[in-house]
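Each chain, letter by letter, is given below.
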Number of protein chains: 6
Amino acid sequence: MTDLPPEIIERLKDFLDEDIRTGDLTTSILGTHDGKGVGTFYAKSKSVLAGIKEAAAIAEIMGLESEVLVSEGSWVDKKQPVLRVMGKASIILQIERVCLNIIMRMSGAATKTHNMLKLARKGNPKVRVAATRKTTPGFRFFEKRAVQVGGGDPHRYALDDMILIKNNHISVIGSAEEAVKAARERVSFTKKVSCEVRDIDECIAAVEAGADIILLDNFSPDEVAKAHKKLNEMGLRDRIILEASGGIDESSVEDYAKNGADVLSSGALTHSYIASDFNMLLELTEK
Amino acid sequence: MTDLPPEIIERLKDFLDEDIRTGDLTTSILGTHDGKGVGTFYAKSKSVLAGIKEAAAIAEIMGLESEVLVSEGSWVDKKQPVLRVMGKASIILQIERVCLNIIMRMSGAATKTHNMLKLARKGNPKVRVAATRKTTPGFRFFEKRAVQVGGGDPHRYALDDMILIKNNHISVIGSAEEAVKAARERVSFTKKVSCEVRDIDECIAAVEAGADIILLDNFSPDEVAKAHKKLNEMGLRDRIILEASGGIDESSVEDYAKNGADVLSSGALTHSYIASDFNMLLELTEK
Amino acid sequence: MTDLPPEIIERLKDFLDEDIRTGDLTTSILGTHDGKGVGTFYAKSKSVLAGIKEAAAIAEIMGLESEVLVSEGSWVDKKQPVLRVMGKASIILQIERVCLNIIMRMSGAATKTHNMLKLARKGNPKVRVAATRKTTPGFRFFEKRAVQVGGGDPHRYALDDMILIKNNHISVIGSAEEAVKAARERVSFTKKVSCEVRDIDECIAAVEAGADIILLDNFSPDEVAKAHKKLNEMGLRDRIILEASGGIDESSVEDYAKNGADVLSSGALTHSYIASDFNMLLELTEK
Amino acid sequence: MTDLPPEIIERLKDFLDEDIRTGDLTTSILGTHDGKGVGTFYAKSKSVLAGIKEAAAIAEIMGLESEVLVSEGSWVDKKQPVLRVMGKASIILQIERVCLNIIMRMSGAATKTHNMLKLARKGNPKVRVAATRKTTPGFRFFEKRAVQVGGGDPHRYALDDMILIKNNHISVIGSAEEAVKAARERVSFTKKVSCEVRDIDECIAAVEAGADIILLDNFSPDEVAKAHKKLNEMGLRDRIILEASGGIDESSVEDYAKNGADVLSSGALTHSYIASDFNMLLELTEK
Amino acid sequence: MTDLPPEIIERLKDFLDEDIRTGDLTTSILGTHDGKGVGTFYAKSKSVLAGIKEAAAIAEIMGLESEVLVSEGSWVDKKQPVLRVMGKASIILQIERVCLNIIMRMSGAATKTHNMLKLARKGNPKVRVAATRKTTPGFRFFEKRAVQVGGGDPHRYALDDMILIKNNHISVIGSAEEAVKAARERVSFTKKVSCEVRDIDECIAAVEAGADIILLDNFSPDEVAKAHKKLNEMGLRDRIILEASGGIDESSVEDYAKNGADVLSSGALTHSYIASDFNMLLELTEK
Amino acid sequence: MTDLPPEIIERLKDFLDEDIRTGDLTTSILGTHDGKGVGTFYAKSKSVLAGIKEAAAIAEIMGLESEVLVSEGSWVDKKQPVLRVMGKASIILQIERVCLNIIMRMSGAATKTHNMLKLARKGNPKVRVAATRKTTPGFRFFEKRAVQVGGGDPHRYALDDMILIKNNHISVIGSAEEAVKAARERVSFTKKVSCEVRDIDECIAAVEAGADIILLDNFSPDEVAKAHKKLNEMGLRDRIILEASGGIDESSVEDYAKNGADVLSSGALTHSYIASDFNMLLELTEK
């Protein structure tokens, strides 16, 4: 039985409803045909595999058996079978597209994350690459999990996950320092406080006010290096996690990593990945 | 009041729940602050605008006023304001990310569709460019609508929208001919019957059996031309809509259009678009 | 396992919730009684059987075994057993009424459809008898499926299934011709366009504008014959499906069929059928 | 604002979703048309009006104004306007069918109930006519309320509303007497206990065991008279409510009423009523 | 399989979603650990056991086996094992808290009810102790069922369960007499009518108008005795159930019972019970 | 308009559905009465006020006006009016009980928290008093918020809020040290890691492995003091937050606070509070 959370299982059912709705008209041409079959999902290109657990859960929801052939997070290549589902042929045909849509997107995001992380780790073998809240509405859990499967950090799932003070908040409350202090006082001790800063002074103020994480927003790699150095000199570097964000991509990620950031976060990991290509073939085992 | 269907409004609420969950912790630092503000959404790059109606509906759900500054389907450019929302500042901050996530994705898909269509229309000014069911689970309605805003055809929303006989179905039932005949007989007269074919013989058989649409799967532009010509010679061309699919992209779409296809469908329109960049700025109007 | 769509299974659960709510008070008198039993559903009058698949799915939802004794679409008669459910007696008593309510209504609509179709086929052995959207809110899927089990055509399930231009639309847009043209241009190539017409001129205009289906609204059988003849003379008859609607009942359906309509649609199939009579008897197998 | 319970408002939204789903394709031909209009609902035959409150609530859900022209429970006749809805023409067209489906069914059931009650009251001016749980799944609330609008008694809404011991229960527990005693002991003092009996002896036993209501199942009018008389002689008649059920229809209801039953319940009130005929006309007030 | 109603099973799933949400982060430290285990629930103090059926249903929902060791309603004591769940260790850890929260609260309410009832029965061995609608929102079913497990009467589950005329209603309608008469006339014969009264005159008026239950609101035990006596003298006592309410607690309940009330209802049974203490221990059976 | 999150508004609607269900039978006795009124909520005893925002939101959901008379977190006393709702009298009567149930429970938990905190602050003016996950299923958000209104810390809302390693986890993974290290490595940088420890050695190991929070489980005040001192001596005290839990109540909380704990968490704040007493009075303003 799947170990995905019950709330996620309901989401998978919603995905099936979106595609099947009042029924698969095309399988109606099969009439009373009740044959059994095996559906095999194949990779069609090189990719880090993700979404297999979700596809297997969909098979389970619809009363099919399934067998995972490759574990998530592995590289797969063209023509490699990754999952097999067994049962009524007409049901296999009904879940094909939803399973492929999930596997293709999650593998795409996992692959992009993996590649970004590999580049970043050239600069710093301990650096983390993180997603953001720039996810597809309704599909956030799956994109966040794909980032994790690819080796990345999911970052916040929702607005109640952590305090993250942005410029818009600072402009309402007055200063980064006041904002961080208010946050510390009001928020549960179980939560971290992160503060987005625009320059080194604001960065120092936020650290001294007690932030756990500093988000260097749209800093160049050089500016990141300066902030890192300054905090080191002041003996403040160990207190906080340094996160850089804004325009980080495959071309710049190594530089950012080299220059002292602990975490590099990138919206593109979830908003602009390219889906990996997969397909499914059905074989009848029993007419 | 929004004219989006009630079911879609519920979906938008789900998107808000996914992001806000038990509340926006960060606005808690604002304490009892009750100030009013204006949030303005700006384009950050050239793009066909979409998702504005959805963002305005979200503002309405949360009790904010809104003003659409540019109508959907228009080209917008860097720094151009596209939507304004007015009301409680803390609420504006809570809807910012969900609105941006929708606008960025829908504009991305609309832009990709628009560009693909422009290339296709060089080959044939009447050709249609269509999406597929390769959409993000839970976000299909919005991606399909984005394709329409970009000038494209949404194709099927779900498995109950039309008969589309694929190879997997044909292999179960025996032949394209039998499959189309069974479909015609069993399906409502309100529905079209489409049949995916692998070669010209299968194409002819499916047309003669009464298909409304022929889907030429993975045909090269030349093969499309041959099928088109053959059907013309046999006096069958007017009976059906000719759709080509499989690897159609910006480099090949003009050739396909030129060679006789009526519809060119492409999964990439919805599975591999790049999100357009937008942001929101908040100004306080009343402390 | 049932092959009804997951969305429909949820609907069946809603039906159980409507009836069971916080629990079956009466079975509480059985105390800790845990006996097993068999519930057998019997026809109490002559009827075309429908709803059996739904009743079996309800049994499955509640953890009971079931055995279908007569396949849907067959004629059944007084005292004939049609379905058997096995398991905990108290659970069998809880599903009895919901199952009967579904079987009785679906069999009633299937029987009415079957009888109407039989009369219509005297006039034209290829004619179709179709339902409309005049269904019971919340129960549409089941009434449409009952019509199909009875040999009929379900027609549209919802407003997104097909374009159907009615008088109210024509009066907004100006003319049937313009309306059909606008529809053709705006709607997906996967959808049919139907146009309701009030006289033969409007009929011709709609056909020439490219409608797939013409709905002759409140035409007498004679007027249908005239429209059919006129279209034949103009060489337009083969292009379109001719549907007649408005006051078609058991007394007139043969005439309509004889006079050239391809489809005869009737709201009464789903809004004014008489429920067929069925009951359930429980036998204890284990105290 | 509507005073229907919030749970019922959600049900009305489900009904809209069932019909509108991803949107009304046909109004798409109106393009950006934004005209206002008035939709007037007319009776097309003589009927007791019901469902008007529900239709007005649907208008409210969709942002339209409404005006009820005739109060529910009144007789209406051909061409009589009963409800007016005002607002965006395209929205009026979208709610037309759901509103009509509700009004037509609820008026049908109210009319049948009213007529049955009128006949029954000839036999006994204080008798009640009641519905059963033989309602359309998902539509029970509306059919029960229609029965009330027509002057009838809704009877149980669900299995947790009252104890009703049927033959199937008696056969498990042993005797009517034991069953009623167990019920009395186990059920809340806020609930009534009804017992279905097959003959006069069982009737007496159930009354003496403390039942509040006796359901004479499939008794002829004469047998009802005998039970009534016997209970009177034994001084038990005032303790209980006497309900008769089973095959009561327009032809027999007066006799049953005359012979001493307090309540006459009939499944046909909700499972086999004929929908009353209504339609809606749209007038544009602003283009 | 559980025999809790399907609606209640959904509620239990909601409880799991509330606690697990996007997943149990802590079990993530177990990595791919797939070990099996047994979780045993123990009482930590003397208590009447309740909620065991619900906890077993939760185990079933999550694919675990379960074994109930003590039946609900029994007294349990410190260190006594009451339920065992078997399966994947990580799943057992995920359901622990929700199961404990239910068992602790339901056992707390059952124990309070049991103790109150024991005291009441000293005064009158046939008296009932009942709950009210003063329950925790969202948890009413479980608190009502706990009261029943403890030997109490659940009273109304919702506002549609019975007529209960309160002072606020009487002040709108004029008098208790008119209110009871209106209730009798309008409400279904399947429902009881209860009337809250402030003094003996109002009590007599309500009985004579036909109330089934009289709720003596904030009467002292002496006043209850007077009402009881007066009704006896007038020969009205047998017609009605006498319920006392308002400040009844462990110190006064015996007096109320002794003085003639049939039912003693107390809000504290569900709004101010102390949770009984339980815990769960996990043992690994298979690494 | 309310600023409670949309997900919470849905929960409030569920609470209304639980109580109103198919309608308030008792208000039916008012017939077509349409009078307006004012409902005033009064405290009936000394209490910290909470739940007022929720009650006002319920009024808004049902189309009533509301006026908050005392802000949440204030002390209120007997007969003090705290909230006024204005509109249709029958609607005011329908929301009365749900509003009272929320206000009574949330005020009860807020009061208990406030009192506990006051005692704790005698020992250490900076100490925090925190809730746990021992909340009423389905009502967690409201109990957590009540704790905050009373000055307390809500602690985790769900299992995805923070890592909290308990004994059961340690026994699976081997040691606290390994568990904390695994947690640090696997969990997002946005999350804190807490570890429950049984003695001082385990405490030191967990701190050195990088825990953010140490939960001293069932330590006596003396043992807390020893742990605090030891960590201070080792220079580790500033790195972590020290939380004590297990049997902390009004009698011991000051000692715990005095002896060095930063946070004192207590399940009783949410599982065994006594509901504060409130009531509502209705006045008719317009018949």
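Residues numbered from 1 in each chain as written. Chains lettered and ligands numbered in written order. Predicted model: local features only at pLDDT ≥ 70, side-chain atom pairs only at ≥ 80, totals over all residues. Heavy atoms only, no water.

A.B. asks: Hey, could you run me through the overall build of chain A in this one?
C.D. replies: A count of helices and strands for chain A gives 10 helices and 12 strands. Per-residue burial for chain A yields a buried fraction of 64% across its 287 residues. With an accessible surface of roughly 10100 Å², chain A has 45% of that area assigned to carbon and sulfur atoms. If you average the places of the 39 positive and of the 43 negative side-chain charges in chain A, the two averages end up 2 Å apart. (Helix = DSSP H or I, 4+ residues; strand = E, 2+ residues; numbered from the N terminus. Buried < 20%, exposed > 50% of the residue type's maximum accessible area, 1.4 Å probe, protein only. Areas by Shrake-Rupley, 256 points an atom, 1.4 Å probe, with all protein chains shown as cover. Lys, Arg positive; Asp, Glu negative; His and termini not counted. Charge placed at Lys NZ, Arg CZ, Asp CG, Glu CD.)

A.B. asks: Can you walk me through the pattern of salt bridges in this structure?
C.D. replies: Side-chain pairs of opposite charge can arise where the charged atoms are in close proximity. Under the counting rule described, the total for this entry stands at 126 salt bridges over all chains. Of the charged contacts, one joins Asp 160 of chain D and Arg 21 of chain F as a salt bridge, the two residues approaching to 3.4 Å between their closest N and O atoms. Within this pair, whereas Asp 160 of chain D is found in the loop between α4 (140-149) and β7 (163-165), its partner Arg 21 of chain F is found in the loop between α1 (6-20) and β1 (36-43), the two belonging to separate chains. Neither Asp 160 of chain D nor Arg 21 of chain F differs from the other in exposure class; each is buried. Residues Asp 255 of chain D and Lys 258 of chain D are paired through a salt bridge, measuring 3.5 Å at the closest nitrogen-oxygen approach. Of the two residues, Asp 255 of chain D and Lys 258 of chain D are both situated in helix α9 (residues 253-258); the distance of three residues between them amounts to about one turn of the helix. (Salt bridge = Lys/Arg side-chain N within 4 Å of Asp/Glu carboxyl O.)

A.B. asks: Would you take a moment to explain the interface of chain A and chain F for this structure?
C.D. replies: You'll often see interface size given as the accessible area lost when the parts meet. Taken residue by residue, the interface counts 21 residues in chain A and 21 residues in chain F. Interface area, chain A with chain F, both sides summed: about 1600 Å², of which 53% is carbon and sulfur. The three residues of chain A that bury the most area against chain F are Phe 189, Thr 190 and Lys 192 of chain A, which together make up 43% of that side's buried surface. Taken together, chain A and chain F are joined by two salt bridges. The partner of Asp 161 of chain A in a salt bridge is Lys 191 of chain F, with the nearest N and O atoms 2.6 Å apart. Applying the counting rule to chain A against chain F returns 15 residue pairs in polar contact (both at pLDDT 80 or more). (Contact = heavy atoms within 4.5 Å. Buried area = accessible area lost by both parts, 1.4 Å probe. Polar contact = N/O pair within 3.5 Å; in protein donor to acceptor, adjacent residues only side chain to side chain.)

A.B. asks: I keep staring at the side chain of Thr 136 of chain C and nothing clicks. Help me out?
C.D. replies: Tracing the backbone through its elements, the reader meets Thr 136 of chain C in the loop between β6 (128-130) and α4 (140-149). On the accessibility criterion, Thr 136 of chain C (3% relative accessible area) is buried. Among the polar contacts made by the side chain of Thr 136 of chain C, one reaches the side chain of Arg 105 of chain D at a distance of 2.9 Å.

A.B. asks: Please explain the packing of helix α3 (residues 89-123) of chain B against helix α4 (residues 140-149) of chain B as it appears in this structure.
C.D. replies: For any two helices packed against each other, one specifies the crossing angle of their axes together with the interaxial distance. Residue and element names in this part refer to chain B. Direction vectors running N to C along α3 and α4 enclose 40 degrees, while the axes themselves pass 7 Å from each other. When the axes of α3 and α4 are compared, the pair comes out oblique. Crossing angle aside, the handedness with which α3 passes α4 is right-handed. Listed contacts from α4 to Met 106, Ala 109, Ala 110 and Thr 113 of α3 are Phe 142, Arg 145, Ala 146, Val 147 and Val 149. Along the lines of polarity and charge, the residues of the contact of α3 with α4 split into seven nonpolar, one polar and one charged. (Axes fitted to C-alpha atoms, helices over the stretch in contact; angles between N-to-C directions. Parallel < 35°, antiparallel > 145°, perpendicular 65-115°, else oblique. Left-handed = near helix turned anticlockwise from the far one by under 90°. Nonpolar A, V, L, I, M, F, W, Y, C, P; charged D, E, K, R; others polar.)

A.B. asks: Please clarify how helix α2 (residues 52-61) of chain A should be interpreted in this entry.
C.D. replies: Because the α-helix completes a turn every 3.6 residues, residues three or four places apart line up on one side. Residue and element names in this part refer to chain A. With respect to burial, α2 is a largely interior element, eight of its 10 residues being buried. Those residues of α2 not exposed but buried are Ile 52, Glu 54, Ala 55, Ala 56, Ala 57, Ile 58, Ala 59 and Ile 61. Here the buried face of α2 lies against α1 (6-20), β3 (65-68), β5 (81-88), α3 (89-123) and α4 (140-149). Two residues or fewer after α2 comes Gly 63, characterised by a positive phi angle close to 80 degrees.

A.B. asks: Teacher, can you tell me more about the relation of the copies chain F and chain E here?
C.D. replies: Between the two chain copies there is a screw-like relation: a rotation about an axis and a shift along it. If you rotate chain F by 180 degrees and push it 0.0 Å along the axis, it lands on chain E with an RMSD of 0.0 Å. Taken together, the rotation and translation relating the two chain copies correspond to the operation of a two-fold axis. The rotation axis passes nearest to the C-alpha of Gly 138 of chain F in chain F, at a distance of 2.8 Å. Comparing interface residues between copies, 100% of those in chain F also lie at the interface in chain E; the contact surface is shared. (Least-squares fit on C-alpha atoms with pLDDT ≥ 70 in both.)

A.B. asks: Is there a simple way to explain the interface of chain F and chain E in this structure?
C.D. replies: Chain F puts 64 residues into the contact, and the matching count from chain E is 64 residues. Residue Arg 133 of chain F is joined to Asp 19 of chain E by a salt bridge in which the shortest nitrogen-to-oxygen separation is 2.7 Å. Viewed at the interface, chain E and chain F are joined by 36 residue pairs in polar contact (both at pLDDT 80 or more). Secondary structure elements with two or more residues in the side of chain F that touches chain E: α1, α3 (89-123), α4 (140-149), β7 (163-165), α5 (167-173), α6 (176-186), α10 (268-271) and β12 (278-286) of chain F.

A.B. asks: I would appreciate a short explanation of the packing of aromatic side chains in the present structure.
C.D. replies: Note on aromatic pairs: each is described by the distance of the centres and the angle between the planes. By the definition in use, this model includes 24 aromatic pairs over all chains. Ring geometry for Phe 141 of chain D against Phe 142 of chain D: centres 5.2 Å apart, planes inclined by 85 degrees, an arrangement best described as edge-to-face. Residue classification places Phe 141 of chain D among the buried positions, given a relative accessible area of 9%. Grouping aromatic residues by their ring pairs yields a cluster made of Phe 15, Phe 139, Phe 141 and Phe 142 of chain A. The cationic tip of Lys 46 of chain C hangs over the ring face of Trp 75 of chain C; the distance from NZ or CZ to the ring centre is 4.2 Å. (Phe/Tyr/Trp six-rings, centres within 6.5 Å; stacked < 30°, edge-to-face > 60°. Lys NZ or Arg CZ within 6 Å of the ring centre and 35° of its normal.)

A.B. asks: Is there a simple way to explain the pairing of strand β8 (residues 193-197) of chain A in this structure?
C.D. replies: Taken residue by residue, a regular strand's side chains alternate between the two faces of the sheet. Residues and elements named next belong to chain A. Of all five residues that make up β8, five are buried, and the element is covered over most of its length. The two faces of β8 match: Val 193, Cys 195 and Val 197 on one face and Ser 194 and Glu 196 on the other face are all buried. With three bridges joining them, strand β7 (residues 163-165) and β8 adopt parallel strand pairing. In the strand pairing of β8, Ile 163 is matched with Val 193. Here β8 pairs with strand β9 (residues 213-217) via four bridges, running parallel. (Pairing = 2+ DSSP bridges.)

A.B. asks: Looking at this model, I keep getting lost on the relation of the copies chain A and chain F. Mind explaining?
C.D. replies: Between chain A and chain F, the superposition needs a rotation of 180 degrees and an axial shift of 0.0 Å, giving an RMSD of 0.0 Å. A shared interface surface links the copies, since 100% of the contact residues of chain A are contact residues in chain F too.

A.B. asks: I would appreciate a short explanation of the domain arrangement of chain A in the present structure.
C.D. replies: Residue and element names in this part refer to chain A. By the assigned domains, chain A splits into domain 1 (6-111 + 274-286) and domain 2 (115-271). When each unit is reduced to the centre of its C-alpha atoms, the spacing between domain 1 and domain 2 is 36 Å. Opposite the 17 residues of domain 1 that make contact, domain 2 presents 10 residues. Its largest share of buried area at the contact with domain 2, domain 1 owes to Ile 8, Met 106 and Ala 109, together 36% of the area lost on that side. Summed over the shared surface of domain 1 and domain 2, the number is two salt bridges. Residue Glu 72 is joined to Arg 145 by a salt bridge in which the shortest nitrogen-to-oxygen separation is 2.9 Å. Across the contact surface, domain 1 and domain 2 share three residue pairs in polar contact (both at pLDDT 80 or more). For the side of domain 1 that touches domain 2, the elements supplying multiple residues, two or more each, are α1, α2 and α3. Element by element, the count of residues in the side of domain 1 that touches domain 2 is highest for α3, at six residues. A class-by-class count of the residues in the side of domain 1 that touches domain 2 yields 10 nonpolar, two polar and five charged. (Domains from an automatic or database assignment.)

A.B. asks: Mind showing me how you'd approach the packing of α1 of chain A against helix α1 (residues 6-20) of chain C here?
C.D. replies: The N-to-C vectors of α1 of chain A and α1 of chain C enclose an angle of 115 degrees; their axes lie 8 Å apart at closest approach. Between α1 of chain A and α1 of chain C, the crossing angle belongs to the class labelled roughly perpendicular. Taking contact as the criterion, the partners of Lys 13, Leu 16, Asp 17 and Ile 20 of chain A in α1 of chain A are, on α1 of chain C, Pro 6, Glu 7 and Glu 10 of chain C. The residue inventory of the contact of α1 of chain A with α1 of chain C, partitioned by class, reads three nonpolar, no polar and four charged.

A.B. asks: Would you take a moment to explain the environment of Ala 120 of chain D for this structure?
C.D. replies: All names here are of chain D. Considering the arrangement of structural elements, one finds Ala 120 in helix α3 (residues 89-123). Judged by relative accessible area, which is 0%, Ala 120 ranks as buried. For the pair Ala 120 and Ser 276, spaced 156 residues apart in the sequence, the C-alpha separation amounts to 22 Å. Aside from chain neighbours lying at most four places away, what touches Ala 120 is Val 127, Val 129, Val 253, Glu 254, Ala 257 and Leu 264.

A.B. asks: What am I meant to see in the sheet that holds β9 of chain A here?
C.D. replies: The strands making up a sheet associate through hydrogen bonds between their backbones, and the pairing can be parallel or antiparallel. Residue and element names in this part refer to chain A. Here we have six strands laid out as an open sheet, ordered β6-β11-β10-β9-β8-β7, and parallel in their pairing. In this open sheet, the two edge strands, each paired with only one partner strand, are β6 (128-130) and β7. Each neighbouring strand pair of the sheet contributes to a mean axis angle of 25 degrees, computed without reference to strand direction.

A.B. asks: I keep staring at the sheet that holds β3 of chain A and nothing clicks. Help me out?
C.D. replies: All names here are of chain A. Spatially, four strands are ordered β3-β5-β1-β12 in an open sheet, and the strand pairing comes out antiparallel. Single-partner strands in this sheet number two, and they are β3 and β12 (278-286). Between one strand axis and the next, the sheet turns by 15 degrees as a mean value, whatever way the strands run. Pairing geometry for strand β1 (residues 36-43) and β5, over seven bridges, is antiparallel. The residue bridging Phe 41 from the neighbouring strand is Leu 83, located in β5. On top of the sheet, α3 reaches β1, β5 and β12; it is set at about 160 degrees to β12, its chief contact.

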